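Here is how the chains run, residue by residue.
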Amino acid sequence: MSDLVFPEGFLWGAATAAHQVEGDNTNSDWWAWERRPGTPCREPSGTACDHYGRFPEDIALLADLGLNTYRFSVEWARVEPSDGTFDPAAIDHYRRVVETARSHGLVPMVTLNHFTLPAWLADRGGWLAADAPRLFERYCRQVVGALGDAVDWYCTVNEPGVVAFGGYLGALGFPPGTRDVGSWRTAIGGLVEAHRRARAAVKELRPSARAGATHSMQEWEASAGGRPVIDYLRRMNEDAFLEASAEDDFIGVQTYTRVRLDVPAIAAPLVRAALAVPRIEALAVPWIVGRETRRAPAAVASDGVRATQMGYEFRPEAIAWTVARVARMYPGKDIVVTEHGVATADDTERVEFIAGGLASLHRLLGEGVPLRGYVHWSLLDNFEWARGYEMTFGLIGVDRATQRRTVRPSARMLGRVAATGRLAFPPKPAADA
Ligand code: FCB
């Protein structure tokens, strides 16, 4: 047993996203979606964690832990509440968030879009609207211009693959809830272009800032028969976006689990052929997605597999699999783990998850992979989209009745690793973590 040592200057952080923590994001597509009958949303976001008001306290907690980076998102629906009208008070709010982070010595890492859209754009079709990428660029210019030289790290679009798959193919119960392959492909195109335009805007206005998309990626594992399905999903959900990141300054990698697919080998040629025929693809893919999303969440991880609250396989080291894939795809390009975390009611599991993930990443650093940071999801227990508040991802617990914050042992453990650059491995029991 010896300490794993991480490089000097490594970014150690925790992340949030505006809609999930701020509260009362009333001008957004999600606000309306959470209230619309027939959507799969468990509950509305409401006041969330009141982070809009309590950000100074939350940022102070993050800094006190020993972390050096705060990743958060700017809410487009607040900054541009109606088409072409920018709210100076909202922009000023985010300037204060950035200043607060910096006053604690933290690196602010700003996400320009984390899932939500202004309601006025959603009314026009969201990412299906032909001018959505141009409108996104216009908003990004306002934000980047206003934050000026106070921000060095920009994440353009968060998990565009999840936005497209979750909302336009209806896979995760996200808005707008279309369920056809045509809409899915259109949304993918819009999101790719939005990312490209945002990156170009950041580089033009602030050339020394680092800009990149943050990608949802899975560790994939398939039997011979499952391979064509996995190849298909990986192409549509990951590669379409990773390819658009060739010019990015860094690749943000976000991985929560491993996805396994067991299909008899004999079915492989059939599946491959079916997915290559547009008319069959158009029928088969929404059908498969519909069937999968109706299954109980806990059934995602198959029998005998240790599962998280989300129903995902507990698989901390999946993050090294995806980071290694990006490193092979883009040798030498900087990589940042911009999300990695676990939904659990048992914080000792979170300690184990963080330690397991970091140990797997440490091996890659030893192989020369240019990994620049690790940002944990999430700083706070928060609104987990259609799954509501039951999923507890926080390093810090939040009692929503009182808005009281409770710093968990996992937060102290990660903070200690950050402050010392060392991970004792195997980790100490949570009691003294
Ligand atoms: C990611 C999202 C983030 C959060 C985590 C659990 O897909 O980026 O907002 O929901 O999953």
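To be clear, the structure that these remarks concern was listed above.
This write-up is about the structure you can find in this document. Just so it is clear, the structure is predicted and the values come from calculations on it, not from any experiment.

1. A closer look at the environment of Gly105
Here Gly105 lies in the loop between α5 (88-103) and β4 (107-113). Taking the C-alpha atoms as reference points, Gly105 and Asn68, 37 residues apart in sequence, are found 6.9 Å from one another.

2. Some points on the site of the ligand
The local shell around the ligand consists of Gln20, His114, Phe115, Asn158, Glu159, Gln254, Tyr256, Glu339, Trp377, Glu384, Trp385 and Phe393. Between the ligand and Glu339, the relevant distance is 3.0 Å, taken from an oxygen atom to a side-chain nitrogen or oxygen of the residue. Here Glu384 contributes a side-chain N or O atom positioned 2.7 Å from an oxygen atom of the ligand. When isolated, the ligand has an accessible area of 290 Å², and the protein chains bury 92% of it.

3. Focus on the pairing of β4
Taken across its 7 residues, β4 has 6 buried, putting it largely inside the fold. For strand β3 (residues 69-73) and β4, the ladder comprises 5 bridges, and the chain directions are parallel. Note that in β4 the partner of Thr69 across the bridge is Val107.

4. Notes on the packing of aromatic side chains
According to the stated counting rule, one finds 25 aromatic pairs in the structure shown. Relative to Tyr139, the ring of Trp76 lies with its centre 5.0 Å away and its plane at 15°, an arrangement referred to as stacked. Pair noted here: Trp76 is in helix α4 (residues 76-79) and Tyr139 is in helix α7 (residues 132-147), with a separation of 63 residues, a long-range link. Classification of Trp76 as buried rests on a relative accessible area of 0%. Here the aromatic residues Trp30, Phe115, Phe174, Phe383, Trp385 and Tyr389 are joined through ring pairs into a cluster of three or more. Lying over the aromatic face of Trp31, Arg35 brings its terminal NZ or CZ to 3.8 Å of the ring centre. One cation-aromatic arrangement involves Arg78 over Tyr52; the distance from NZ or CZ to the ring centre is 4.1 Å.

5. Some thoughts on the nonpolar core
Core analysis: the largest hydrophobic core is formed by 118 residues, its most contacted members being Trp12, Trp127, Phe136, Trp184 and Leu358. Broken down by element, this core gets its largest block of residues, 9 residues, from helix α9 (residues 181-205). Those residues in contact with Trp12 that sit more than four places away from it in its chain are Phe6, Leu67, Asn68, Thr69, Leu358, Tyr374, Leu414, Val417 and Ala418.

6. Quick look at unusual backbone geometry
A cis amide bond, omega 10°, links Pro175 with the succeeding residue Pro176. With respect to the helices and strands, the residue Pro176 is situated in the loop between α8 (160-168) and α9. For Trp385, which is not glycine, the phi torsion reads 50° and is therefore positive. Phi is positive for Gln403, which is not a glycine, with a value near 60°.

7. Thoughts on the packing of α9 against helix α10 (residues 227-242)
Contact geometry for α9 and α10: axes closest at 9 Å, N-to-C directions at 25°. When the axis of α9 is compared with that of α10, the two are roughly parallel. Contacts between α9 and α10 pair Trp184, Arg185, Ile188, Leu191 and Val192 from the former with Tyr232, Met236, Asn237, Ala240 and Phe241 from the latter. Tallied by class, residues from the contact of α9 with α10 come to 8 nonpolar, 1 polar and 1 charged.

8. So, the state of the cysteines
Summed over all chains, the structure comprises 0 disulfides. With no disulfide of its own, Cys41 has Cys49 as its nearest cysteine by sulfur position, at a separation of 17 Å. Look at Cys41 and you get buried, because its relative accessible area is 14%. Cys49 gets classed as buried once you look at its relative accessible area, which sits at 0%.

9. Remarks on the pattern of salt bridges
Applying the stated criterion to the full structure yields 37 salt bridges. Asp58 serves as the salt-bridge partner of Arg405, at 2.9 Å between the closest nitrogen and oxygen. Within this pair, whereas Arg405 is found in strand β13 (residues 404-407), its partner Asp58 is found in helix α3 (residues 51-65), the two being separated by 347 residues in sequence. With respect to class, Arg405 is no different from Asp58; both count as buried. Notably, a salt bridge pairs Arg258 with Glu313, separated by 2.8 Å at the nearest N-O pair. With Arg258 in strand β9 (residues 258-261) and Glu313 in the loop between α12 (278-294) and α13 (318-329), this residue pair connects regions lying 55 residues apart in the sequence. Neither residue differs from the other here; Arg258 and Glu313 are each classed as buried.

What counts and how
Residues numbered from 1 in each chain as written. Predicted model: local features only at pLDDT ≥ 70, side-chain atom pairs only at ≥ 80, totals over all residues. Heavy atoms only, no water. Helix = DSSP H or I, 4+ residues; strand = E, 2+ residues; numbered from the N terminus. Near = heavy atom within 4 Å. Polar contact = N/O pair within 3.5 Å; in protein donor to acceptor, adjacent residues only side chain to side chain. Areas by Shrake-Rupley, 256 points an atom, 1.4 Å probe, with all protein chains shown as cover. Buried < 20%, exposed > 50% of the residue type's maximum accessible area, 1.4 Å probe, protein only. Pairing = 2+ DSSP bridges. Phe/Tyr/Trp six-rings, centres within 6.5 Å; stacked < 30°, edge-to-face > 60°. Lys NZ or Arg CZ within 6 Å of the ring centre and 35° of its normal. Core = buried A, V, L, I, M, F, W, Y, C linked by side-chain atoms within 4.5 Å. Contact = heavy atoms within 4.5 Å. Axes fitted to C-alpha atoms, helices over the stretch in contact; angles between N-to-C directions. Parallel < 35°, antiparallel > 145°, perpendicular 65-115°, else oblique. Nonpolar A, V, L, I, M, F, W, Y, C, P; charged D, E, K, R; others polar. Disulfide = S-S within 2.5 Å. Salt bridge = Lys/Arg side-chain N within 4 Å of Asp/Glu carboxyl O.

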